[in-house]
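For reference, the chains in residue letters:
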Amino acid sequence: MGYLFALAGNQNCGKTTLFNQLTGSNQHVGNFPGVTVEKKEGTIQLDGPRRRWGRGEEDKSQDGATLVDLPGIYSLSPYTAEEVVTRDFLVKQHPDAIINIIDATNIERNLYLTLQLIELGIPMVLALNMMDEVRASGSSIDVAALSKELGIPAVPISASKGEGVADLAREAMRVASTRQKPSRLDFCTGPVHRAIHATAHVIENHTSGTGFPARFAASKILEGDEPLERSLGLDQADLDIIGHVVEEMERETGTDREAALADMRYSYIEGLCSKVVTKRGVSRDRQRSERIDGILTHRIFAIPVFLLIMFAIFGLTFGWPGSWFSDLFSAGVDWVTAQVDAWLTQAQVSGWMHSLVIDGVFAGVGSVLSFLPVIMLLFFFLSLLEDSGYMARVAFVMDKLLRRIGLSGRSFVPMLMGFGCSVPAIMATRTLASRRDRVMTILLVPFMSCSAKLPIYAVFCAAFFPDHAAVVMICLYVLGMVTGVLAALVLKNSLFRGNPVPFVMELPNYRMPSLKSVLLLMWEKAKDFLQRAFTIIFLASLVVWFLQSFDPRFNLVSDSSTSLLAALGGLVAPIFAPLGFGDWRLSTALITGLTAKETVVSTLAVLMGAGTDQNALLPLLHTVFTPLTAVSFLTFTLLYMPCVASFAAIRRELGSTGKAVTAMACQTGVAWVVAFVVYHLGAMILGVAL
């Protein structure tokens, strides 16, 4: 086994950039065991470390080094899933060393986490990132004095430019190989100092075997860390003693227990920075960022500017060049399909096998590949915004609005992405600060109308509302958002009671995005989508082909009305009768729409005898729909389960098939109820007899 390094730091401190610098493309993504918090690991093999780090180490370094990128956090308190994951990893996985990266331009705020990491007693090296910006402002940091005061090695770097990264990696290897632990663990004085030592003495016998150092555990117990308190198995006598210690500390400090510990750490950090940091002024980057923020975070202009930016991104993603790339992929698939089709025909392969390969396999693969350019482009643009520092501003601006429905500002971006495609929107919820926010946002994203539903809206508007198509489509989008807000309020007051996690975020300077990080993210998301969603859509396409091609006696059919799919549609049709559309062909179209929403229109065209000409479908729709039932159908289509790709994404993020099924069933139930209300309320208003 090689060395195991943990990369820890605040959000927006350059952690991902440093991770990419150290690991390059030699990395993979998964989830931490038992949770859906993203886990990134990178491995540098022997030739990589020797070339990049300047020299190789003996013993375990001969097997390479594994670097685990821990979630961005601000403390080791168990308030969010990310903080719990980070703490558990450091305590239970026993990394050989911690690489703690901090933003040197905001050193006071970043050192708060550093002090807590030091208390764990794990070998550690401090990476002072963005030192180029510190120098540009005329300021300076005495790195040697800082290292001596903290008792750990400190290395100045600029991760975005690659400066000092080799020195950092070499120092991390040295610290890991020599097991050099922090030489100082105590940074407090006065009442807090006495309280920590008294508590450490009480719990010392309970910490053995838990992995938690006594001093670290004592500071967390004093802060009111109930999970840690339970894990130590403290008896009532110990709790009583600690309670008296806390009361005495609060009385002497004149504040509550959490504030007392925070004040202790910040007092030390303030004194430390006064010794080692010399500030000459604000950097040019900071000045530029403040000028830009005058517009982008303006109380009036912030939201309109953001909407314009996102409109441009969606225009490029789902218009040109996104449509061009999608068409290119589709053309490639069509060409390959035609070649295989001709070869199968020439080889006189049996009809059912020919249909399986062309209508099943290639149709499934083609539908997956058509998603790929959209996902890659969308993540390309969003990663540009994220790396530039703009997304932090968006979350800040939207936080006040979303907090009213129980979410934080970070939930806004995934929900907005849901208007393009639910799959990347659901995947984007990994950036949220807590599991509560993540799960709530996952449940709300499918209510946002994705672009795959546009063909359905276009056909029905052309058939029933040609003069008011724009109004109808706007109403559908608004209805989706209103339903999502109402669902959020219900969840907030039922399954997700309690206060949202406090929204704390640094607003970093605007920076030029790292092309390497952007391209790696694109590749990572593309690979993830192909590995996960590809299989689900592929299998679903085979199932639909089978149901469309065989009758209940498993004979190949020429008329789909006698197929298993038609029989299944007939069984489901009564469910939709109260909504105004009980024809089996309509329920069948909704079922096939679970593979991809675009198939609703194509299925209706085939089952109603319109062939492949969608224009021929318009008059045929009038035989089974009235304008009112068409609105009901559109409402249900808007709100019911998006597609199997979305289901696969939800299943992965929730970590349970049962939970994903429940989520989709509830959403479909909401769609039925809303469509029922729309249909019957519309009938009352119009005076239509049902």
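The structure presented is a predicted model; accordingly, all values stated were derived computationally and were not measured. (Residues numbered from 1 in each chain as written. Predicted model: local features only at pLDDT ≥ 70, side-chain atom pairs only at ≥ 80, totals over all residues. Heavy atoms only, no water.)

Trainee: Help me out: how do you make sense of the overall build of the protein in this one?
Mentor: A count of helical and extended segments in the protein gives 30 helices and 9 strands. With 690 residues in all, the protein has 53% of them scored as buried. At a minimum sequence separation of 6, the contacts of the protein that also span at least 24 residues come to 73%. (Helix = DSSP H or I, 4+ residues; strand = E, 2+ residues; numbered from the N terminus. Buried < 20%, exposed > 50% of the residue type's maximum accessible area, 1.4 Å probe, protein only. Contact = heavy atoms within 4.5 Å.)

Trainee: Please clarify how the pattern of salt bridges should be interpreted in this entry.
Mentor: Proximity of charged atoms lets side chains of opposite charge pair with each other. If you walk through the whole model with that rule in mind, you get 17 salt bridges. Taking the shortest distance from any N to any O, the salt bridge between Arg-87 and Asp-225 comes out at 2.4 Å. Linking Arg-87 in helix α3 (residues 81-92) with Asp-225 in the loop between α9 (214-222) and α10 (226-232), this pair joins segments that are 138 residues apart in sequence. In this structure, Arg-184 and Glu-149 form a salt bridge, with 3.7 Å as the shortest nitrogen-oxygen distance. With a gap of 35 residues between them, Arg-184 in the loop between α7 (165-178) and α8 (190-207) and Glu-149 in helix α6 (residues 143-150) connect regions that are remote in the sequence. When its relative accessible area of 25% is taken as the criterion, Glu-149 is described as partly exposed. Each of the salt bridges in this network shares a partner with another, and the network as a whole consists of Lys-220, Glu-223 and Arg-265. (Salt bridge = Lys/Arg side-chain N within 4 Å of Asp/Glu carboxyl O.)

Trainee: What's the story with the packing of α8 against α9 in this structure? I'm lost.
Mentor: What describes two packed helices is the angle between their axes and the distance between those same axes. Contact pair α8 / α9: the axes reach a minimum separation of 8 Å and the direction vectors enclose 115°. The handedness of the crossing between α8 and α9 comes out as right-handed. Counted together, Ala-195, Ile-196, Thr-199, Ala-200, Ile-203 and Thr-207 of α8 and Ala-214, Arg-215, Ala-217, Ala-218, Ser-219, Ile-221 and Leu-222 of α9 form the full contact between these two elements. Taken together, the residues that form the contact of α8 with α9 break down as 9 nonpolar, 3 polar and 1 charged. (Axes fitted to C-alpha atoms, helices over the stretch in contact; angles between N-to-C directions. Left-handed = near helix turned anticlockwise from the far one by under 90°. Nonpolar A, V, L, I, M, F, W, Y, C, P; charged D, E, K, R; others polar.)

Trainee: I'm lost on the packing of aromatic side chains in this one. Help?
Mentor: To describe a pair of aromatic rings, you give the distance between the ring centres and the angle between the ring planes. Tallying each qualifying case throughout the model produces 20 aromatic pairs. Relative to Tyr-640, the ring of Phe-636 has its centre 4.9 Å away and its plane inclined at 20°; by these criteria the two rings are stacked. Using a relative accessible area of 2% as the deciding quantity, one classes Phe-636 as buried. A relative accessible area of 4% places Tyr-640 in the buried class. Taken together, the ring pairs in this structure connect Phe-460, Phe-464, Phe-465, Phe-576, Phe-581, Phe-625, Phe-633, Phe-636 and Tyr-640 into an aromatic cluster. (Phe/Tyr/Trp six-rings, centres within 6.5 Å; stacked < 30°, edge-to-face > 60°.)

Trainee: Which parts of the structure should I look at to understand the packing of α9 against helix α12 (residues 257-276)?
Mentor: For the pair α9 and α12, interaxial distance at closest approach is 8 Å and the crossing angle is 130°. The orientation of α9 with respect to α12, classified from their angle, is oblique. Here α9 contributes Ser-219, Lys-220, Ile-221 and Leu-222 to the contact with α12, which in turn contributes Arg-257, Leu-261 and Arg-265. The residue inventory of the contact of α9 with α12, partitioned by class, reads 3 nonpolar, 1 polar and 3 charged. (Parallel < 35°, antiparallel > 145°, perpendicular 65-115°, else oblique.)

Trainee: Hey, could you run me through the side chain of Arg-436 in this one?
Mentor: Following the sequence through the fold, Arg-436 ends up in helix α20 (residues 435-444). A relative accessible area of 15% means that Arg-436 is categorised as buried. Of the polar contacts made by the side chain of Arg-436, one reaches the side chain of Asp-437; its length is 3.2 Å. (Polar contact = N/O pair within 3.5 Å; in protein donor to acceptor, adjacent residues only side chain to side chain.)

Trainee: Got a minute to help me understand the nonpolar core in this structure?
Mentor: Across soluble globular proteins, you tend to see nonpolar side chains buried next to one another. Within the largest apolar cluster, 87 residues are counted, with the highest numbers of intra-cluster contacts made by Phe-460, Phe-581, Leu-604, Leu-621, Phe-625 and Phe-636. Ranked by the residues each element gives to this core, the list is headed by helix α21 (residues 454-464), at 7 residues. The contacts of Phe-636, once residues within four sequence positions are left out, are Phe-576, Leu-579, Phe-581, Leu-590, Thr-668, Ala-671, Trp-672 and Ala-675. (Core = buried A, V, L, I, M, F, W, Y, C linked by side-chain atoms within 4.5 Å.)

Trainee: Would you mind showing me how to read unusual backbone geometry here?
Mentor: Negative phi is the rule for most residues except glycine; trans is the rule for most peptide bonds. Even without a glycine there, the phi angle at His-94 is positive, about 50°. Assignment of secondary structure puts His-94 in the loop between α3 and β5 (97-103). By relative accessible area, His-94 is classed as exposed at 57%. Positive phi is not limited to glycine here, since Gln-348 has a value of about 55°. Within the secondary structure, Gln-348 is located in the loop between α15 (322-346) and α16 (351-388). Among the residues examined, Gln-348 registers a relative accessible area of 71% and is labelled exposed.

Trainee: Is there a simple way to think about the pairing of strand β6 (residues 124-129) in this case?
Mentor: For a regular strand, side chains alternate in direction, first toward one face of the sheet and then toward the other. Counting buried positions along β6 gives 6 out of 6 residues, so the element sits mostly inside the fold. Alternating residues of β6 divide into Met-124, Leu-126 and Leu-128 and Val-125, Ala-127 and Asn-129, and every residue in both groups is buried. Sheet topology note: the β5/β6 ladder contains 6 bridges and is parallel. Residue Ile-99 lies in a different strand from β6, and its bridge partner there is Val-125. The parallel pair β5 and β6, bridged by helix α4 (residues 107-119), forms a crossover whose chirality is right-handed. (Pairing = 2+ DSSP bridges. Right-handed = clockwise from strand over helix to strand, strands pointing away.)

Trainee: Is there a simple way to explain helix α29 (residues 644-654) in this structure?
Mentor: Note that an α-helix has 3.6 residues per turn; residues three or four places apart therefore point the same way. Burial within α29 is extensive, with 10 of its 11 residues counted as buried. Those residues of α29 that sit buried are Val-644, Ala-645, Ser-646, Phe-647, Ala-648, Ala-649, Ile-650, Arg-652, Glu-653 and Leu-654. Immediately beyond the C-terminal end of α29, within one or two residues, lies Gly-655, with a positive phi of roughly 75°.

Trainee: What's the story with the pairing of β5 in this structure? I'm lost.
Mentor: Of all 7 residues in β5, 7 are buried; the element is thus mostly enclosed. As judged from the 5 bridges shared by strand β1 (residues 3-9) and β5, these two strands associate in the parallel manner. Of the residues in β5, the one forming a bridge with Ala-6 is Ile-98.

Trainee: Which parts of the structure should I look at to understand α4?
Mentor: Across its 13 residues, α4 extends 18 Å between first and last C-alpha, which sits within 8% of the 18 Å expected from 1.5 Å per residue. Most of α4 sits out of view: 12 of its 13 residues are buried. All buried positions along α4 are accounted for by Ile-107, Arg-109, Asn-110, Leu-111, Tyr-112, Leu-113, Thr-114, Leu-115, Gln-116, Leu-117, Ile-118 and Glu-119. Trailing α4 by a residue or two, Gly-121 shows a phi angle of about 75°, which is positive. (Expected span 1.5 Å × (residues − 1).)

Trainee: Explain the environment of Leu-117 here, please?
Mentor: Relative to the helices and strands, Leu-117 is located in helix α4. Accessibility expressed as a relative area gives 0% for Leu-117, which makes it buried. Separated by 27 residues in sequence, Leu-117 and Leu-90 place their C-alpha atoms 9.1 Å apart. For Leu-117, the contacting residues outside a window of four places in its chain are Ala-8, Leu-76, Leu-90, Ile-98, Asn-100 and Met-124.

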